[in-house]
Amino acid sequence: MRSNKFRKYAGVILFVLMALYYGWRMFALTPWYDELYTYYCFISRGPLYAAVHWPLPNNHVGYSVLSACLDFFGNPYIGLRGISYLCALANLYLLYRIADRYLKKGTAFAVVILYASMNLVNQQAVQGRGYTLGITCFLLAWYCMALICECESGEMVPKRIYVCYIGALVLGLYAISSNVYWVVPLCLAGGCYFLLKGIRKRAHAKSLIRLILASATAALGTVFLYTTIWVAI
């Protein structure tokens, strides 16, 4: 019991320290070229403008749309990096939840520290780009997929899990189109899991159908968003 409380308090302390550290980096670091280009050409012009302009693949549309909403607060640093800041903290929380659920007790804290200590993660954490947002979408989609696959006895998975799964896939692709490299394998992994478990079992067959429908819905949502850009252009 004491060990569980210690891990809980240690996790909270680490989260608060990282929130302060990321907050300092968000305002202290000078924006680099790609950040300035993203802000002045898209974010500062409003969410509607950002949503219908994609002049080159390196423009992270979904991130610009969300950041443009924060830009209404009037602080350019919050408008540019606020979404990345929130996602950086969300990644720590999601990693802790995943590690605490599926790994041995006591390793979740170490996993979060290892992740936060990586140089690339530290450099990209609060940049005004969509990379940190992409990690958040991946972790959330993976976690939802794991919860869906855990339902072995045929009980209904809560609809909010499927909604989060669909939203994570759509936003991940809308933020960075190259995130398709983790979206497709993740969807295929879920389908293969239920096939290997035995599609002839009614419970697994239903779960597979629901998963296919959810993935197809995410694909249609993504196509709709990029079609909007194409029509606007």
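Everything below is about the structure printed above this text.
Summary of the structure given here. Not measured: the values here are computed from a predicted model.

**Some remarks on the packing of aromatic side chains**
Part 1 of the reasoning: This model, assessed by the stated rule, comprises 11 aromatic pairs.
Part 2 of the reasoning: Considering the side-chain rings of tyrosine 39 and tyrosine 40, the 5.3 Å spacing of their centres and the 85° angle between planes classify their relative orientation as edge-to-face.
Part 3 of the reasoning: Given the relative accessible area of 54%, tyrosine 40 is considered exposed.
Part 4 of the reasoning: Seen from their ring centres, phenylalanine 138 and tryptophan 182 are 5.3 Å apart, and the 75° between their planes marks the pair as edge-to-face. Here the residue phenylalanine 138 occupies a position in helix H8 (residues 131-150), and tryptophan 182 occupies one in helix H10 (residues 180-198), the gap between them amounting to 44 residues.
Part 5 of the reasoning: The class for phenylalanine 138 is partly exposed, based on a relative accessible area of 31%.
Part 6 of the reasoning: Through pairs of rings, three or more aromatic residues link up here, namely Tyr21, Tyr22 and Trp24.

**Description of the nonpolar core**
Part 1 of the reasoning: Counting 56 residues, the largest nonpolar core has Tyr22, Leu92, Tyr165 and Leu169 as the members making the most contacts within it.
Part 2 of the reasoning: Sorting the residues of this core by element identifies helix H1 (2-28), helix H4 (61-70), helix H5 (76-102), helix H6 (107-117), H8, helix H9 (159-175), H10 and helix H11 (202-232) as the ones contributing at least two each.
Part 3 of the reasoning: Among all residues touching leucine 92, those that are not within four sequence positions of it are Met18, Tyr22, Val112, Tyr115 and Ala116.
Part 4 of the reasoning: Counting eight residues, the second largest nonpolar core, distinct from the first, contains Phe42, Ala50, Ala51 and Val65.

**Remarks on a nonpolar patch on the surface**
Part 1 of the reasoning: Judged by side-chain polarity, Val12, Ile13, Phe15, Val16, Leu17, Leu20 and Tyr93 come together as a nonpolar surface patch covering roughly 670 Å² of accessible area.
Part 2 of the reasoning: Considering every element that reaches the nonpolar patch, the biggest residue donor is H1, with six residues.
Part 3 of the reasoning: Considering the arrangement of structural elements, one finds leucine 17 in helix H1.

**Examining the environment of alanine 90**
Part 1 of the reasoning: The topology assignment puts alanine 90 in helix H5.
Part 2 of the reasoning: Residue classification places alanine 90 among the partly exposed residues on the basis of a relative accessible area of 26%.

What counts as what
Residues numbered from 1 in each chain as written. Predicted model: local features only at pLDDT ≥ 70, side-chain atom pairs only at ≥ 80, totals over all residues. Heavy atoms only, no water. Phe/Tyr/Trp six-rings, centres within 6.5 Å; stacked < 30°, edge-to-face > 60°. Buried < 20%, exposed > 50% of the residue type's maximum accessible area, 1.4 Å probe, protein only. Helix = DSSP H or I, 4+ residues; strand = E, 2+ residues; numbered from the N terminus. Core = buried A, V, L, I, M, F, W, Y, C linked by side-chain atoms within 4.5 Å. Contact = heavy atoms within 4.5 Å. Patch = residues over 30% accessible without salt bridge, like charges linked within 9 Å, V, L, I, M, F, W, Y side chains within 5 Å. Areas by Shrake-Rupley, 256 points an atom, 1.4 Å probe, with all protein chains shown as cover. Salt bridge = Lys/Arg side-chain N within 4 Å of Asp/Glu carboxyl O.

The analysis is restricted to geometry; functional conclusions fall outside its scope.
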